[in-house]
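Residues per chain, in single letters:
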Amino acid sequence: MAVSPAVLVLRALGLGDLLTAVPALRALRAAHPDDRLVLAAPEALRDLVALIDAVDELLPTPGLGELAWPGPPPKLAVNLHGSGPESVHDLLQADPAELLTHHHPDFPDVPGLEWRDDVHEVDRWCRLVEYAHLPADRSALRLPVPPGPGPAPDAVVVHPGAAFPARRWPPERFAVVVRALAAAGHRVVLTGSSGERDLCRSIAGRAGLVDDVVLAGRTGLADLAALVAGAALVVCGDTGVGHLATAFGTPSVLLFGPTPPRLWGPPPDARQHVVLWAGNVGDPHGEEPDGGLLLLGEERVLAATRAALEARVAHG
């Protein structure tokens, strides 16, 4: 049996990175309905990739320099990973008939869109496919709800971790919020990776809650997606879990800093998401909590969570 021509897309990054690329992936799917769309991304994202109607196949790719294209050259390779040069090099190794990418001076003979730092991540990749004259819908971020119930239906999901310390609101402040939400009668659960389990346990302890509320390290991506999809509210920083809330339309309170929400936040017209940001821009990879993030006090965050939960009840 002949194998259909392939469109190879590189996005070997994390959870939030994948979710911000969904509109661009859907644009590529619409433009190539009869071709096999293969996404080169980490194996850990497989359960979420399965929910994206635009993708036919996951090619496990842990990161740059690890793309191993197994078949005949793809008809099109699309660089949704970054500006290059590593990502451009990886895709050229697959010998595609055509490459869609941002331009990089290391590859003067490869045409591409000029990179901009001042655009939202969703817009960045939609602009790239539009550069190839493919229409893209920036609002096409939603995913279908995962099958089956989540591990804590209708809970308030608090996700205190983040990839870098600069984006982590202090645990003692999260504990104040968790304690107040639990005291108001809400079921609260704490999520995170296995490496964040101690962080979540310390927050639960400070809030006077038992370890049963700590789901960190106990949920795979499929369960985490189901948990967020069925949650009453998500409270977190600038993380992939915030993008999951956007994907499932779950109300959220998002604590931004040092990256401005205009670059990574939810759509401004999605009113169920409350974005808190002090206006300070800094290094998102810093080793200390960002000064702007620290300007967000517990009372402001609590007020936002109460308002979001009340709005959810009011709108059914």
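Residues numbered from 1 in each chain as written. Predicted model: local features only at pLDDT ≥ 70, side-chain atom pairs only at ≥ 80, totals over all residues. Heavy atoms only, no water.

Caption draft 1: View of empty space enclosed by the protein. In the structure shown here, the tally under the stated rule is 2 cavities of 30 Å³ or more. As a volume, the largest cavity reaches approximately 60 Å³. What lines the largest cavity is Gly237, Asp238, Thr239, Gly242, His243, Thr246, Leu254, Phe256, Trp264, Gly265 and Pro266. At the level of secondary structure, the elements contributing two or more residues to the lining of the largest cavity comprise helix H9 (240-248) and strand E9 (252-256). Each residue belonging to the lining of the largest cavity can be placed in one class, and the counts come to 4 nonpolar, 6 polar and 1 charged. Taken as a whole, the second largest cavity spans an internal volume of roughly 40 Å³. Forming the boundary of the second largest cavity are His159, Pro160, Gly161, Arg167, Arg168, Trp169, Phe174, Cys236, Gly237, Leu255 and Leu293. Among the residues forming the lining of the second largest cavity, the class breakdown is 6 nonpolar, 3 polar and 2 charged. (1 Å grid on protein atoms, 1.4 Å probe; cavity = no way out; pocket = protein on both sides within 12 Å on 5 of 7 lines; lining within 4 Å. Points joined across faces, edges and corners; volume = space filled by probe spheres on them. Helix = DSSP H or I, 4+ residues; strand = E, 2+ residues; numbered from the N terminus. Nonpolar A, V, L, I, M, F, W, Y, C, P; charged D, E, K, R; others polar.)

Caption draft 2: The arrangement of the pattern of salt bridges in detail. As enumerated under the stated definition, the model contains 12 salt bridges in all. In this structure, Arg124 and Glu121 form a salt bridge, with 3.2 Å as the shortest nitrogen-oxygen distance. A residue pair is termed a helical-turn pair when its members lie 3 or 4 positions apart in one helix, as Arg124 and Glu121 do in helix H5 (residues 121-131) at 3 residues. A residue is classified by how much of its surface remains accessible, and Arg124, at 6% relative accessible area, is buried. Under the relative-accessibility criterion, Glu121 is labelled buried at 8%. With a shortest N-O distance of 2.9 Å, Asp211 and Arg201 are connected by a salt bridge. With Asp211 in the loop between helix H7 (197-206) and helix H8 (221-229) and Arg201 in helix H7, this residue pair connects regions lying 10 residues apart in the sequence. (Salt bridge = Lys/Arg side-chain N within 4 Å of Asp/Glu carboxyl O. Buried < 20%, exposed > 50% of the residue type's maximum accessible area, 1.4 Å probe, protein only.)

Caption draft 3: Geometry of the packing of aromatic side chains. Enumeration according to the criterion identifies 2 aromatic pairs in this entry. Relative to Trp125, the ring of Trp115 has its centre 6.0 Å away and its plane inclined at 65°; by these criteria the two rings are edge-to-face. Of this pair, Trp115 sits in the loop between strand E5 (99-100) and H5 while Trp125 sits in helix H5; the two residues are 10 residues apart in sequence, bridging distant segments of the chain. Ring geometry for Trp169 and Phe174: centres 5.1 Å apart, planes at 90°, overall edge-to-face. There is no split in this pair, since Trp169 and Phe174 are both buried. Directly above the aromatic system of Trp115 lies the positively charged group of Arg124, at a separation of 4.1 Å from the ring centroid. (Phe/Tyr/Trp six-rings, centres within 6.5 Å; stacked < 30°, edge-to-face > 60°. Lys NZ or Arg CZ within 6 Å of the ring centre and 35° of its normal.)

Caption draft 4: Inspection of the sheet that holds E9 at higher detail. Pairing is parallel in the open sheet, where 5 strands are placed in the order E7-E6-E8-E9-E10. Edge positions in the sheet fall to strand E7 (188-190) and strand E10 (273-277), since each of these pairs with one other strand and no more. Taking the axes of each pair of neighbouring strands and ignoring which way they run, one obtains an average angle of 15° across the sheet. Here 4 bridges tie strand E8 (residues 233-237) to E9, and the two strands are oriented parallel to one another. Note on E9: the bridge partner recorded for Val235 is Val253. Relative to the sheet, H9 contacts strand E6 (156-159), E8, E9 and E10, its axis offset from that of E8 by approximately 145°. (Pairing = 2+ DSSP bridges. Axes fitted to C-alpha atoms, helices over the stretch in contact; angles between N-to-C directions. Contact = heavy atoms within 4.5 Å.)

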